[in-house]
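Below, each chain spelled out in residue letters.
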Amino acid sequence: MRQLRKIARDEIELEQLHLAARQGEGLEDFYSRLGRREVGRSPCASHPTTPGTRS
């Protein structure tokens, strides 16, 4: 994550980086431990109808 932030800031000159993660995959805790925070949810995000598939 440090390298990702460095590349985004220094090489691509981004001021903000948006990461998307599926709820319930354990990624909320992972990103939280790295100091990231949730800023919103997309109500129109696709939800799998069957494990491993997307609608």
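These lines cover the structure that appears in this document, whether it is placed above or below. (Residues numbered from 1 in each chain as written. Predicted model: local features only at pLDDT ≥ 70, side-chain atom pairs only at ≥ 80, totals over all residues. Heavy atoms only, no water.)

### Some words on the overall build of the protein
Scanning the protein from N- to C-terminus turns up two helices and zero strands. Scored against the burial criterion, the 55 residues of the protein give a buried share of 2%. With an accessible surface of roughly 5500 Å², the protein has 49% of that area assigned to carbon and sulfur atoms. (Helix = DSSP H or I, 4+ residues; strand = E, 2+ residues; numbered from the N terminus. Buried < 20%, exposed > 50% of the residue type's maximum accessible area, 1.4 Å probe, protein only. Areas by Shrake-Rupley, 256 points an atom, 1.4 Å probe, with all protein chains shown as cover.)

### Looking at a nonpolar patch on the surface
Taken together, Met1, Leu4, Ile12, Leu14, Leu17, Leu19, Leu27, Phe30 and Leu34 make up a surface patch of nonpolar side chains, about 700 Å² in accessible area. Note that Leu4 resides in helix 1 (residues 2-11). (Patch = residues over 30% accessible without salt bridge, like charges linked within 9 Å, V, L, I, M, F, W, Y side chains within 5 Å. Salt bridge = Lys/Arg side-chain N within 4 Å of Asp/Glu carboxyl O.)

### Re the packing of aromatic side chains
What the rule picks out here adds up to one aromatic pair. The interplanar angle of 70° and the centroid separation of 5.1 Å between the aromatic rings of Phe30 and Tyr31 together place this pair among those described as edge-to-face. In this structure Tyr31 comes out as partly exposed when scored by relative accessible area, which is 21%. (Phe/Tyr/Trp six-rings, centres within 6.5 Å; stacked < 30°, edge-to-face > 60°.)

### What to know about unusual backbone geometry
For Glu13, which is not glycine, the phi dihedral falls at a positive 60°. Looking at Glu13, the relative accessible area reads 64%, which means it is exposed.

### Some details on the pattern of salt bridges
All told, the structure shown has two salt bridges when counted by the stated rule. Two residues, Asp10 and Lys6, come together in a salt bridge whose shortest N-O distance is 3.4 Å. Taken together, the residues Asp10 and Lys6, both in helix 1 and four residues apart, mark about one turn of the helix. Using a relative accessible area of 39% as the deciding quantity, one classes Asp10 as partly exposed.

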